[in-house]
Amino acid sequence: MKTLVALLALTALALLGSRVSRVWVRERSSGRVLVASGLGYLILGVLLGPLIGDLLDRDVLDNLLPLIGFALGWIGSLIGAQFRWGLLKRLPFRLHLAATLYVGSVASVVGVALLWPLLPLTPLDRLVLVACAIPLPVAVFGYAAKLASDPERGSGMLVIAGLADVLLLVLAVALPLFEWVATSGVTAAWGGLLVLGLGVGAGLTLALLLGSNELRRDQFLLLLGVVTLWAGFATFFGLSPLGTGLIAGIVFVNLGRRSRAWSIATLGRFERPIYMGILLVAGALLRPVDPLVVLLVLALFVAARTLALAVAGQLLARVARVPIPGRQLFAILLPQGALGLVVLTEARLLYPDWIDPVVTTTVVAAFVLFALASPIAVETLTEHRLRQRKRAPE
Amino acid sequence: MRYLVQLVAVLALAAGALWLHRGLALDPVHPEILATGLILVAGYLGGRLAQAIKLPRITGYILIGLGIGPAVLGLLSEAMVESLQPINGIAVSLIALTAGMEINVARLRKSWNQILVLTACNIVGVFVVVFAMLYLLSPWIGFLRGEPTTFILAVCLIFGSVAIATSPTVTIAVINEYRAKGPLTQTVLSITVLKDLVVIVFFATALAVAKPLLDEDLAFSLDFLRTIGVEIFGSIFAGVLLGWLVSLIIRRVQRESTLFVIGLAILIAEASVRLHLEPLLVSLVTGFFLENLTARDAEPMLRGIERSSFPVYAIFFALAGAGLHLDALARLWPIALTLVAVRIGALWVGTYAGARLSGADPVVRKYGWLGFISQAGVTLGLSVIVVRAFPDWGPGIQTIIVAMIAIHELIGPLAFHHGLKKAGEVGKRDA
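Residues numbered from 1 in each chain as written. Chains lettered and ligands numbered in written order. Predicted model: local features only at pLDDT ≥ 70, side-chain atom pairs only at ≥ 80, totals over all residues. Heavy atoms only, no water.

Draft legend 1. Looking closely at the overall build of chain A. Per the secondary structure count, chain A includes 18 helices and zero strands. Residues classed as buried in chain A amount to 59% of the 394 residues present. A fraction of 84% describes how many contacts in chain A between residues 6 or more apart in sequence connect residues 24 or more apart. (Helix = DSSP H or I, 4+ residues; strand = E, 2+ residues; numbered from the N terminus. Buried < 20%, exposed > 50% of the residue type's maximum accessible area, 1.4 Å probe, protein only. Contact = heavy atoms within 4.5 Å.)

Draft legend 2. Quick peek at the overall build of chain B. When its secondary structure is counted, chain B shows 18 helices and zero strands. Within the span of chain B, comprising 431 residues, buried residues form 57% of the whole. Long-range pairs, those at least 24 residues apart, make up 83% of the contacts in chain B with a sequence separation of at least 6. Surface accessibility of chain B: about 17800 Å² in total, with carbon and sulfur atoms responsible for 66%. (Areas by Shrake-Rupley, 256 points an atom, 1.4 Å probe, with all protein chains shown as cover.)

Draft legend 3. Representation of helix H2 (residues 31-52) of chain B. With 22 residues, H2 of chain B ought to run about 32 Å at 1.5 Å a step, and its terminal C-alpha atoms sit 31 Å apart, in line with that. Looking one or two places after H2 of chain B, you find Lys54 of chain B, whose phi comes out positive at around 65°. (Expected span 1.5 Å × (residues − 1).)

Draft legend 4. Inspection of the confidence of the model for chain B at higher detail. The share of residues in chain B with pLDDT of 70 or more is 90%, and the mean pLDDT across the chain is 79. For this predicted complex, the interface confidence comes out at an ipTM of 0.75, alongside a pTM of 0.76. (pLDDT = per-residue confidence, 0-100.)

Draft legend 5. Structural context of the confidence of the model for chain A. Across chain A, the average pLDDT comes to 74, with 69% of residues at or above 70. Confidence drops under a pLDDT of 50 for residues 21-36 of chain A, and excluding neighbours within four residues, the segment shows 18 contacts in the predicted structure.

Draft legend 6. Highlighting the packing of aromatic side chains. Under the criterion given, the structure shown has five aromatic pairs over all chains. Both rings, one in Trp230 of chain A and one in Phe233 of chain A, keep their centres 5.3 Å apart while their planes meet at 55°; by these two values the pair is tilted. Remark: Phe233 of chain A and Trp230 of chain A occur in helix H10 (residues 216-236); sequence separation between them is three residues, near one turn of the helix. Across the pair, exposure class does not vary: Trp230 of chain A and Phe233 of chain A are buried alike. For the pair Trp348 of chain B and Tyr352 of chain B, a centre-to-centre distance of 5.5 Å together with 25° between the ring planes defines the contact as stacked. Remark: Tyr352 of chain B and Trp348 of chain B occur in helix H15 (residues 326-358); sequence separation between them is four residues, near one turn of the helix. By relative accessible area, which is 32% here, Tyr352 of chain B ends up partly exposed. The aromatic ring of Phe370 of chain A is capped on one face by Arg305 of chain A, whose charged end is 4.5 Å from the ring centroid. (Phe/Tyr/Trp six-rings, centres within 6.5 Å; stacked < 30°, edge-to-face > 60°. Lys NZ or Arg CZ within 6 Å of the ring centre and 35° of its normal.)

Draft legend 7. Examining the environment of Gly263 of chain B more closely. Among the secondary structure elements, Gly263 of chain B is positioned in helix H12 (residues 257-274). You can call Gly263 of chain B buried: its relative accessible area is 8%.

Draft legend 8. Layout of the side chain of Thr166 of chain B. All names here are of chain B. If you trace the backbone, Thr166 turns up in the loop between helix H8 (149-163) and helix H9 (168-177). Taking relative accessible area as the criterion, Thr166 reaches 3% and is therefore assigned buried. Within the structure, Thr166 has its side chain in polar contact with the side chain of Lys195 (distance 2.8 Å). Here Phe372 takes part through its backbone oxygen, which lies 3.3 Å from a polar atom of the side chain of Thr166. (Polar contact = N/O pair within 3.5 Å; in protein donor to acceptor, adjacent residues only side chain to side chain.)

Draft legend 9. Quick look at a nonpolar patch on the surface. All names here are of chain A. On the surface, Trp190, Leu193, Leu196, Val200, Leu204 and Leu255 cluster together into a nonpolar patch covering about 600 Å² of accessible area. For the nonpolar patch, the leading source of residues is helix H9 (residues 185-211), giving five residues. Mapped onto the fold, Leu196 is located in helix H9. (Patch = residues over 30% accessible without salt bridge, like charges linked within 9 Å, V, L, I, M, F, W, Y side chains within 5 Å. Salt bridge = Lys/Arg side-chain N within 4 Å of Asp/Glu carboxyl O.)

Draft legend 10. The side chain of Thr185 of chain B, seen in detail. By the element assignment, Thr185 of chain B lies in helix H10 (residues 183-214). Look past the residues within four positions of Thr185 of chain B in its chain and what remains in contact with it is Ile175, Ala180, Leu420 and Glu425 of chain B.

Draft legend 11. Quick peek at the packing of helix H1 (residues 2-23) of chain B against H2 of chain B. All names here are of chain B. Relative to each other, H1 and H2 sit at 160°, their axes nearing to 8 Å. Here H2 runs roughly antiparallel to H1, going by the angle between their axes. Of the two possible hands of crossing, H1 and H2 adopt the one that is left-handed. Packed against H1, whose contacting residues are Tyr3, Leu4, Gln6, Leu7, Val10, Leu11, Ala14 and Leu18, the element H2 presents Leu34, Leu38, Val41, Ala42, Leu45, Gly46, Arg48 and Leu49 at the interface. A per-class count over the contact of H1 with H2 returns 13 nonpolar, two polar and one charged. (Axes fitted to C-alpha atoms, helices over the stretch in contact; angles between N-to-C directions. Parallel < 35°, antiparallel > 145°, perpendicular 65-115°, else oblique. Left-handed = near helix turned anticlockwise from the far one by under 90°. Nonpolar A, V, L, I, M, F, W, Y, C, P; charged D, E, K, R; others polar.)

Draft legend 12. Representation of unusual backbone geometry in the model. Its identity as a non-glycine residue notwithstanding, Arg179 of chain B has a phi of 45°, on the positive side. Assignment of secondary structure puts Arg179 of chain B in the loop between H9 and H10.

Draft legend 13. The packing of H9 of chain B against helix H18 (residues 394-422) of chain B, seen in detail. Residue and element names in this part refer to chain B. Where H9 meets H18, the axes come as close as 10 Å, and the angle between the chain directions of the two elements is 45°. Classified by the interaxial angle, the pair formed by H9 and H18 is oblique. The way H9 lies across H18 gives a crossing that is right-handed. Contact with H9, carried on its side by Val170, Thr171, Val174 and Ile175, involves Pro413, Phe416, His417 and Leu420 of H18 and no other residues of that element.

Draft legend 14. Geometry of the environment of Trp112 of chain B. One can find Trp112 of chain B in helix H7 (residues 112-137). The spacing of Trp112 of chain B and Ser190 of chain B is 78 residues in sequence and 9.4 Å in space, taken between C-alpha atoms.

What follows is the structure, encoded as structure tokens:
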């Protein structure tokens, strides 16, 4: 019964979410609506989860995990599909460098902070925290790029493309490391090879099947089938469906000539409901923990990430020459990307007994705190835009 | 040829991965995702392959399911097939919603008498002939050999009532696949849906009558009939209630109709099981209510169902194929084949007589019987009830029923497609 209610709640929320998203698109000049994006689902997950409502209890979550495996594969494919070689080649080098610097600075600052030996965390816990600190908020960042756009330089577009680059790097770097930390170097090497093989196989299957089948309804069935099949293989072997999907997306977008644009659009159409489902589940993953330990880890995580973003903001402004001053860029970067929670969910799917509940609570609480920073970011940007407009007539 | 190569490649890949998994002695993690993906991809390719050789797609789905299922290649284990049963329930709800939305009272008003007469002739014909044939074959059937006449008669009574059932899911899938429209399509669909209702009542009555014949200690009891009555009326009530509720919010669901329909199917599938209702009937009534009372508003919903129908059919029929028991068929094929032939003959006679009596369209008289051959979920469900009610000899009768389903499921879609083609109703929905 609970699984039924959970599934219904997910579906109802997906419906509601797509409505909210349309409202958001219409009224995006209002910063407060940005807060609603994603955060509501996470909080609802917390309320429905074992910690409070106990509607999404362990059994229900176990029943939902196969859906999560498929959802991770779908998101991985969508992110991978942004990685078109032709498009990336056209981007200036400074953007790639900026993306690498961003990931490097956040990973090192947060990583170093979490190395503090007094924290009761395993290496895997620390790695999950570092990975969750990196993803950027696509909505806020996209909005920022639009506000600061300069048609002549096309900076808005470039920033968004650079962001995709960053997200890819996060995944590509973090996932094999999970395996390495969780098991051993040899297992990780085999796991990495298998993920690579499965991903390439999935991408080739997509390119081959979608390239030779013309009907749109057939292509949807195939897209759904292939993503599910390869996410299924990855999960079956205890490997990363997100990583497999990512590689599949990269292979497909670079080798599949026909139906490429349609496939990416279709993958994107279901992105929001899938994200909402994952956020709901991530919220429900919270377990009772020692509040003092959580406060300690959370404070350290939030401080380290904030510091890292201040550094990254300066780097992006100087290296990528994003037409927004470094301090304001820092404010824009503050909200944590929901991809962080996706990575957390995958870690919980693959290593259910290895991730400390403190890590889950920290990531969820940090996401809420950083999401509340969205209005500040939007306000900062709006002010910047207004100043630009005032300066323009002069 | 292209689809065959692709299908072989996908199956080889799956077999290789499973072999590697076994070789590494790993524990399978959530095999249901893999099973769903394999069914979708292989089912799709099997469907296209079937289409390429002029067969219905659903025959391709069934054959692929059979091929990759535990009975042949074993790529899907029994546990995997079992783990996908919730998806199966959702698929049944979606298919039945479509069926309900295909029945328009205004269109049916003129032919209502015809449908009643045809249904009655069809049911009586099949019941009487199958009953008699099983009685005649009883000396050759293991668990009936040497038993008293009352026992054999009671078993024949139950078996005859199960033989009446036709699969509405196959009927709807074939109609949708070929976008068929016309007197044959409408009549077969209406009768199939009506029979689905009648068969449950008929079966319950047969069970109530048979029980005291089989066990002298048991008196004639209407308890079972009462339970079935509650189930049927409860399902109709739930369907009307749900239809009314959906009609209130349906206008607000436009772009998200696919998601909405999936949510509705989950609700019906799961809630019906919990409330001891018949999910097929609840969905049928909900669809019927929406079609006849909110036709214009229900259009986005119908589009939503159509958009999701291909994956649903692929999963549903491939799972049906994977669940076919070839071992039962191998053991009992002479008896099963004889009973299938007799049932088909009875269907022809019953439909012909009913069409003559009611003055139905000539295409119904000629080809109507081809639409009633298939049997699937409902029949299987009834056989499970028989096993539960009569654990001593129930499994024996279930084996024959399962063997017959295997044959009916394979030839049913082909026969109905042939009938629709002969009647000239294929592709008429778009015209």
